[in-house]
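# Structural overview for review
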Amino acid sequence: MEQPNSTNLFDHLARELICIILDHLLRDDDPFAAKSFSQVCKSFHALESTRRLKLKPRRLEYLGRILKRYRWISQLDLTLCPCVDDATLERLSLAWSSSLRRVDLSRTRLFSHVGVSSLALNCTCLVEIDLSNRADLTDLAAKAIANAVNLERLSLGRCKSITDLGIACVAVGCSRLRHVGLRWCIRITDFGAALIAIKCKQIRSFDLSYLPITEKCLHHILQLEHLEDLVLEHCIGIEDQGLATLQASCKSIKMLNLSKCQNISHIGIASLSKGAQNLEKLILSRSLVVTADLAKCLQSFPKLQLVKLDGCLGTMSGLKGIGNLCASLKELNLSKCAGVTDENLSFLVQTHKDLEKIDITCCGRITHASISSITNSCLRLTSLRMESCSMVSREGFLFIGQCQLLEELDVTDTEIDDQGLLSISRCTKLSNLKLGICLMITDIGLKHIASSCSELKHLDLYRSSRITDEGIVAISLGCPLLEVVNIAYNSNITDTSLVSLSKSQKLRTLEIRGCTRISPEGFSNIAARCKHLETLDIKSCYKINDTGMIQLAQYSQNLKQIKLSYCSVTDLGLIALASISCLQNLSIFHVEGLTSNGLVAFLLASQSLIKVKLHACFESLIPHQIKKYMEARGCVLLWRDKTLEASRWE
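Residues numbered from 1 in each chain as written. Predicted model: local features only at pLDDT ≥ 70, side-chain atom pairs only at ≥ 80, totals over all residues. Heavy atoms only, no water.

With an unreviewed UniProt entry as reference, the protein is termed F-box/LRR-repeat protein 15-like leucin rich repeat domain-containing protein, source organism Flemingia macrophylla.

### What to know about the overall build of the protein
Check the secondary structure of the protein and you find 26 helices and 28 strands. Compactness check: the protein gives a C-alpha radius of gyration of 27 Å against a globular reference of 26 Å for 650 residues, within 12% of the reference. Across its three principal axes, the protein shows a C-alpha extent of roughly 85 × 65 × 65 Å. Within the protein, the fraction of its 650 residues that count as buried is 54%. The long-range fraction of contacts in the protein, counting pairs at least 24 apart against all pairs at least 6 apart in sequence, stands at 73%. Accessible surface, the protein as shown: approximately 28,000 Å² in total, 51% of it carbon and sulfur. Positive and negative charge centroids in the protein, built from 76 and 66 side chains respectively, lie 4 Å apart. (Helix = DSSP H or I, 4+ residues; strand = E, 2+ residues; numbered from the N terminus. Rg over C-alpha atoms; globule rule 2.2 N^0.38 Å. Buried < 20%, exposed > 50% of the residue type's maximum accessible area, 1.4 Å probe, protein only. Contact = heavy atoms within 4.5 Å. Areas by Shrake-Rupley, 256 points an atom, 1.4 Å probe, with all protein chains shown as cover. Lys, Arg positive; Asp, Glu negative; His and termini not counted. Charge placed at Lys NZ, Arg CZ, Asp CG, Glu CD.)

### Some remarks on the nonpolar core
Counting 196 residues, the largest nonpolar core has Ile360, Phe523, Ile538 and Ile562 as the members making the most contacts within it. Ignoring any residue separated from it by four or fewer positions in sequence, one finds Ile538 in contact with Ile512, Phe523, Ile544, Met549, Ile562, Lys563, Leu564, Ser565 and Cys567. (Core = buried A, V, L, I, M, F, W, Y, C linked by side-chain atoms within 4.5 Å.)

### Structural notes on the pattern of salt bridges
Tallied over the full model, the rule gives 14 salt bridges. Across the salt bridge formed by Glu343 and Lys320, the nearest N and O atoms sit 2.9 Å from each other. Placement of the pair is Glu343 in helix 15 (residues 342-351) and Lys320 in helix 14 (residues 316-323), with a sequence separation of 23 residues. By relative accessible area, which is 48% here, Glu343 ends up partly exposed. Judged by its relative accessible area of 27%, Lys320 falls in the partly exposed class. For the salt bridge of Glu483 with Arg508, the shortest nitrogen-to-oxygen distance reads 3.0 Å. Taken together, the positions of Glu483 in the loop between helix 19 (469-478) and strand 22 (484-486) and Arg508 in the loop between helix 20 (495-501) and strand 23 (509-511) put the pair 25 residues apart, joining distant regions of the chain. Here the residues in one salt-bridge network are Arg183, Asp207, Glu233 and Lys260, joined through shared partners. (Salt bridge = Lys/Arg side-chain N within 4 Å of Asp/Glu carboxyl O.)

### Some words on unusual backbone geometry
One non-glycine residue, Arg158, lies in the positive phi region at around 65°. Tracing the chain through its elements places Arg158 in the loop between strand 7 (153-155) and helix 8 (164-173). A residue is classified by how much of its surface remains accessible, and Arg158, at 37% relative accessible area, is partly exposed.

### Considerations on the packing of aromatic side chains
Enumeration according to the criterion identifies two aromatic pairs in this entry. Seen in terms of ring centroids, Trp184 and Tyr210 are 4.3 Å apart; in terms of plane orientation they differ by 10°. Their pairing is stacked. With Trp184 in the loop between strand 8 (179-181) and helix 9 (190-199) and Tyr210 in the loop between strand 9 (205-207) and helix 10 (215-221), the pair connects residues that are 26 residues apart, well separated along the chain. Owing to a relative accessible area of 15%, Tyr210 belongs among the buried residues under this scheme. With 5.9 Å between their ring centres and 85° between their planes, Tyr462 and Tyr489 make a pair best called edge-to-face. With Tyr462 in the loop between strand 21 (458-460) and helix 19 and Tyr489 in the loop between strand 22 and helix 20, this pair connects stretches of sequence that are 27 residues apart. Its guanidinium or amino end placed over the ring of Phe111, Arg134 lies 4.4 Å from that ring's centre, counting from NZ or CZ. Directly above the aromatic system of Phe589 lies the positively charged group of Lys642, at a separation of 4.8 Å from the ring centroid. (Phe/Tyr/Trp six-rings, centres within 6.5 Å; stacked < 30°, edge-to-face > 60°. Lys NZ or Arg CZ within 6 Å of the ring centre and 35° of its normal.)

### Quick notes on the confidence of the model for the protein
Across the protein, pLDDT averages 92, with 92% of residues at or above 70. Across residues 646-650 the pLDDT falls below 50, and counting only partners more than four positions away or on other chains, this stretch makes 11 contacts in the model. (pLDDT = per-residue confidence, 0-100.)

### Describing the environment of Lys330
Relative to the assigned elements, Lys330 resides in the loop between helix 14 and strand 16 (331-333). A relative accessible area of 35% places Lys330 in the partly exposed class. For the pair Lys330 and Ser97, spaced 233 residues apart in sequence, the C-alpha to C-alpha distance is 44 Å. Filtering out sequence-adjacent residues up to four positions away, Lys330 remains in contact with Gln305, Asp354, Leu355, Glu356 and Lys357.

### With respect to the packing of helix 5 (residues 86-95) against helix 6 (residues 113-122)
Helix packing geometry: the angle between the two helix axes and the distance between the axes. Their axes nearest at 8 Å, the elements helix 5 and helix 6 cross at an angle of 5°. The orientation of helix 5 relative to helix 6 falls into the category roughly parallel. For the pair helix 5 and helix 6, contact is made by Asp86, Leu89, Glu90, Ser93 and Leu94 and by Val114, Gly115, Val116, Ser118, Leu119 and Asn122, respectively. Across the contact of helix 5 with helix 6, the residue classes break down as five nonpolar, four polar and two charged. (Axes fitted to C-alpha atoms, helices over the stretch in contact; angles between N-to-C directions. Parallel < 35°, antiparallel > 145°, perpendicular 65-115°, else oblique. Nonpolar A, V, L, I, M, F, W, Y, C, P; charged D, E, K, R; others polar.)

### A short note on a positive patch on the surface
A cluster of like positive charges, contributed by Arg107, Lys611, Lys613 and Arg640, occupies part of the molecular surface. Along the polypeptide, Arg107 turns up in the loop between strand 4 (102-104) and strand 5 (109-110). (Patch = residues over 30% accessible without salt bridge, like charges linked within 9 Å, V, L, I, M, F, W, Y side chains within 5 Å.)

### Some remarks on the UniProt feature "domain: F-box/LRR-repeat protein 15-like leucin rich repeat" (unreviewed entry) in the protein
With numbering aligned to this structure, UniProt lists the feature "domain: F-box/LRR-repeat protein 15-like leucin rich repeat" (unreviewed entry) at residues 67-246, 349-474 and 529-610. This span, residues 67-246, is 34% helix and 14% strand, and a straight line between its end C-alpha atoms measures 53 Å. Helix makes up 29% of residues 349-474 and strand 12%, and the two end C-alpha atoms of the span are 36 Å apart. (UniProt positions renumbered as here; feature names shortened; annotations may be inferred.)

### Some details on the state of the cysteines
A covalent bond bridging the sulfur atoms of two cysteines is what the word disulfide describes. Applying the stated criterion to the full structure yields zero disulfides. Just so you know, Cys159 is unpaired, no disulfide at all, and the nearest cysteine sulfur is the one on Cys185, 5.4 Å from it. (Disulfide = S-S within 2.5 Å.)

### With respect to the pairing of strand 27 (residues 611-615)
As paired elements, strand 26 (residues 585-588) and strand 27 share four bridges and run parallel to each other. Bridging from a neighbouring strand, Asn585 pairs with Lys611 of strand 27. In this fold, strand 26 hands off to helix 24 (residues 596-605), which returns the chain to strand 27; that crossover is right-handed. Bridge count for strand 27 against strand 28 (residues 636-640) is five bridges, and the pairing is parallel. In the sheet register, Leu614 faces strand 28, and the bridge partner there is Trp639. Handedness of the crossover joining strand 27 and strand 28 through helix 25 (residues 624-632): right-handed. (Pairing = 2+ DSSP bridges. Right-handed = clockwise from strand over helix to strand, strands pointing away.)

### Regarding helix 18 (residues 443-452)
Within the span of helix 18, buried status applies to Asp443, Gly445, Leu446, Ile449 and Ala450. Taken down its axis, helix 18 places every buried residue within 160° of arc, on the same side. Summarising the geometry of helix 18, the exposed residues directed more than 90 degrees from the buried face are Ile444 and Ser451. Taken together, the buried residues of helix 18 touch helix 17 (418-424), strand 20 (432-434) and helix 19. (Arc of directions from axis to C-beta.)

### Section: the side chain of Ser606
Position of Ser606 among the secondary structure elements: in the loop between helix 24 and strand 27. On the basis of relative accessible area, Ser606 is assigned to the buried category, the value being 3%. A polar side-chain atom of Ser606 sits 2.9 Å from the main-chain carbonyl oxygen of Phe602. Beyond its immediate chain neighbours, meaning those up to four positions away, Ser606 contacts Ala578 and Arg633. (Polar contact = N/O pair within 3.5 Å; in protein donor to acceptor, adjacent residues only side chain to side chain.)

In structure tokens, the structure reads:
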């Protein structure tokens, strides 16, 4: 009898070719791609272990196996593992002491300065560490960071217990820092910020948002020769009078963020940015009045490309002055900017014809005349946000089709109709389309989009009540790249829509809240087929039950967030969800089948939870020891006393 040929055909492929294929898969967002590659044959399995440089583990139970298999990890993301203690960090740092360069601990808990010290001392190649959101870390952790002498990027956002003393240690020990984020480190003052600037001469970006600093530290910061990005959001201690005393200037700065700095006017901006000939981005959101003097100040920046004035009060002369800038703007944000009219907006876009992104959200005084000016002048437009522009008539949306490079369009809560969607369908590069609360559009208009916009990835139809299954089926067939879909609060949606959406292999976010006609059978298609699903909102889908939860647990292991209030889920379904290794956020209110015992079992079984929102009625029923245990694991339990009616119409 002839023996079957056991030769592995893959062995005939050149190793260089296989490496190219593998490297491509490792760059892909698909978390299963590399795993599938490694399961082809033994040689592929061995090769994958040596080529993988990035790792984002879901659970740490298999840490020993991970350390044995992957020897050269350079980038480690632990955001899916909330329970990382000092012993774990020491073990990781010893295993990858010569290769580890970047570590993200921004979503993890339990470790202390001891674990940070292990990373800093053992990983001699470490250039980046993110310790954000750890309000309990003290100066001891900052002192430990100082041992990472090659560190280039440090993120300490919301580390509210670190003081000037700790940051001084960092400044002295980490002189090679290039990117420093101290956002919300509210115990760091002028002394600490100035010391970082004095000791770390290579800094490129510096975020000091929400710090109690004044102009005293800015004297040293502005002397940084390589500084490009400076973020001073809500630094209310900085004011015009103090800035006027500054003698230093920063010629290298490219981005300046002064959002919510309400004590600064054009006078302070002029003092802070004098000599900044390379300034490209200026963010002044919710900070000042847009006057002619401000526009005159902006004339000093010949390379200016982006201006954000959202939430500011705009005057006629100020907005026209923006139009007269010598610089050719590429991005302009006037969202919620009072004072924007057809006259000044039309003048502005006619003089800045290179604009690629425009945000006029909630500019309630503009009409179709502004849209005509924008679309006729800005032929390079890739993003237009015009939510709640209530005075724009249906005719105004017919102009948008002229912008054939458009990739993002937000017309939420406007008068757009099917003829407007027909015009927009000419924008074949469209990838993000928001049509929430658009009560005039129907399936006919949606079919126009489906037939032409095959690159669509994000579709929002929140409360667009005239859309039915017919439109959703058309979108599913015509737009195979869909990643985010919102069809919440639409009583026309049935299982037919979910069957068609389940064929969208890249679907990551699905919001079907309030779609009351969806059945367990229809939902099972999503649960079983959409294996990349990360965010799911099924609140007020009353018929969805335990069957759907069991299927999610079996097939949707990438699920990170789920909202299931008002569903027909019981303890059985909730406990099934505990096996989803990525699940971090859960919101559950008014679920009649849920008991305190089932809730406790779920909390104990779930290993990756970060935040759980629960009804206050359960607070007294959960044992104190369980609450303390969840807190120690880094999980926040939020109790909300929501009445039945308030929750339903949230």
